[in-house]
Amino acid sequence: MFAMTNGLPEKEKDALIRMRQYQASAIICLEATSGAEEMLLAAQRDGYPCLLLHQTPLSPELNFVGPDLTRTSYLAACELAGLGHRRIALILGTGPGQHIAEMRHSGYSEALSDKGIAYDPQLVRFLGALTTHSWQPLISTARAAMSQMLRIQNPPTAVIVPNSPFAVGLLRALQEAGLRVPEDFSIIVLQEDELGTSLNPAMTTVDID
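Since this is a predicted model, take the numbers as computed values, not measurements.

Between two aromatic rings, the relevant description is the distance of the centres plus the angle of the planes. Under the counting rule described, the total for this entry stands at one aromatic pair. When the ring of Y108 is compared with that of Y119, the centres are 6.2 Å apart and the planes differ by 70 degrees; the resulting orientation is edge-to-face. Pair noted here: Y108 is in helix 4 (residues 99-114) and Y119 is in the loop between helix 4 and strand 5 (124-126), with a separation of 11 residues, a long-range link. Taking relative accessible area as the criterion, Y108 reaches 1% and is therefore assigned buried.

Structure, rendered in structure tokens:
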């Protein structure tokens, strides 16, 4: 059985109910809302083998295969600090109530602490839930966030973003400010994809095996 839910809670709920009604012997889920995670956990407790892919679950009981999102942002921030940056920004696409954003933020904060860099809330932006059906909202929102950051008294010299569409927006904002990448400004993308390698300059990414 296969279900495409597009991240909609009601579709996730309906798909999981039907899979259990049709006596699926196991369930694999690629990302899920908190409600779907609860249903997967309940199914797992009832004896259904369940596995969540890619997204770190809220509950440590739920079987999971995927990257350590806290460590990816930690490594990215450490890399930028190693290049000499002391003003490292973090722009994320989900709100602070979302645990994925919180894990990435946690790794970033930990890296700054380990490198002796003061945390500045002006350099962190949670942009809210953005549609994945089009790159344009990601690009325009990231562009606006970067433009605002560049106008603060002590602006960033580097930034960490979750995906390449964000990087496109950053590049536009930096070009408008007369800054060059990587000569004047550094960018690290937390997830490698084809778009990142096709940009000019190509983006530095965290290699998630």
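Turning next to the sheet that holds strand 3 (residues 64-65). In spatial order, the strands read 1-2-3; together these three strands make up an open sheet with parallel pairing. Of all the strands in the sheet, just strand 1 (27-30) and strand 3 have a single pairing partner and so form its edges. When strand 2 (residues 50-53) meets strand 3, the two strands line up parallel, connected through two bridges. If you follow L53 over to strand 3, its bridge partner there is V65. Running at roughly 150 degrees to strand 2, helix 2 (residues 34-45) makes contact with strand 1 and strand 2 of the sheet.

Moving on to the sheet that holds strand 4 (residues 88-92). Ordered by their spatial adjacency, five strands build an open sheet running 5-4-6-7-8, and the pairing between neighbours is parallel. Of all strands in the sheet, those with a lone pairing partner are strand 5 and strand 8 (204-205), marking the two edges. Pairing geometry for strand 7 (residues 186-189) and strand 8, over two bridges, is parallel. Residue I188 lies in a different strand from strand 8, and its bridge partner there is T204.

On to helix 2, then. Helix length check: helix 2, at 12 residues, gives a terminal C-alpha distance of 17 Å against a target of 16 Å (1.5 Å per residue), a fit within 8%. Residues of helix 2 that are buried: A36, E37, L40, L41, A43 and Q44. The buried residues of helix 2 occupy an angular sector of 160 degrees when the element is viewed end-on, so they sit on one face. Helix 2 presents E38 and R45 as exposed residues on the side facing more than 90 degrees away from its buried surface. The inward-facing, buried residues of helix 2 contact helix 1 (9-21), strand 1, strand 2 and helix 4.

Right, let's talk about the pattern of salt bridges for a bit. Side chains that differ in sign of charge can pair as their charged atoms come close. One pass over the full model with this rule turns up six salt bridges. Here D46 ties to R20 by a salt bridge, and the two come within 2.8 Å at their closest N and O atoms. Of this pair, D46 sits in the loop between helix 2 and strand 2 while R20 sits in helix 1; the two residues are 26 residues apart in sequence, bridging distant segments of the chain. The exposure class assigned to R20 is partly exposed, which follows from its relative accessible area of 29%. In this structure, the salt-bridge partner of R45 is E61, at a minimum N-O distance of 2.9 Å. Residue R45 is found in helix 2, and its partner E61 is found in the loop between strand 2 and strand 3; the two are separated by 16 residues along the sequence. Of the residues examined, R45 reaches a relative accessible area of 56% and is grouped as exposed.

Let us now look at the packing of helix 3 (residues 69-82) against helix 4. Running from amino to carboxyl end, helix 3 crosses helix 4 at an angle of 40 degrees, the nearest separation of the two axes being 7 Å. As for the relative orientation of helix 3 and helix 4, their crossing is right-handed in sense. Contacts from L69, T70, S73, Y74, A77 and C78 of helix 3 reach helix 4 at I100, M103, R104, S106, G107, Y108, E110, A111 and D114. Of the residues assigned to the contact of helix 3 with helix 4, the class counts are eight nonpolar, four polar and three charged.

With respect to the helices, strands and loops of the structure, H85 is situated in the loop between helix 3 and strand 4. Separated by 2.7 Å, the side chains of H85 and T157 make a polar contact. When neighbours within four sequence positions are excluded, H85 is seen to be in contact with L80, I117, T157, A158 and S186.

This brings us to the nonpolar core. Within the largest apolar cluster, 47 residues are counted, with the highest numbers of intra-cluster contacts made by Y108, M146, V159, I160, V161 and I187. Those elements that place two or more of their residues in this core are helix 3, strand 4, helix 4, helix 5 (136-150), strand 6 (158-161), helix 6 (164-176) and strand 7. Filtering out sequence-adjacent residues up to four positions away, I160 remains in contact with S73, A76, A77, L80, I88, A89, L90, I91, Y108, I188 and L190. Residues L16, I27, A36 and A43 belong to the second largest nonpolar core, which totals 14 residues.

Definitions and limits used
Residues numbered from 1 in each chain as written. Predicted model: local features only at pLDDT ≥ 70, side-chain atom pairs only at ≥ 80, totals over all residues. Heavy atoms only, no water. Phe/Tyr/Trp six-rings, centres within 6.5 Å; stacked < 30°, edge-to-face > 60°. Helix = DSSP H or I, 4+ residues; strand = E, 2+ residues; numbered from the N terminus. Buried < 20%, exposed > 50% of the residue type's maximum accessible area, 1.4 Å probe, protein only. Pairing = 2+ DSSP bridges. Contact = heavy atoms within 4.5 Å. Axes fitted to C-alpha atoms, helices over the stretch in contact; angles between N-to-C directions. Expected span 1.5 Å × (residues − 1). Arc of directions from axis to C-beta. Salt bridge = Lys/Arg side-chain N within 4 Å of Asp/Glu carboxyl O. Left-handed = near helix turned anticlockwise from the far one by under 90°. Nonpolar A, V, L, I, M, F, W, Y, C, P; charged D, E, K, R; others polar. Polar contact = N/O pair within 3.5 Å; in protein donor to acceptor, adjacent residues only side chain to side chain. Core = buried A, V, L, I, M, F, W, Y, C linked by side-chain atoms within 4.5 Å.

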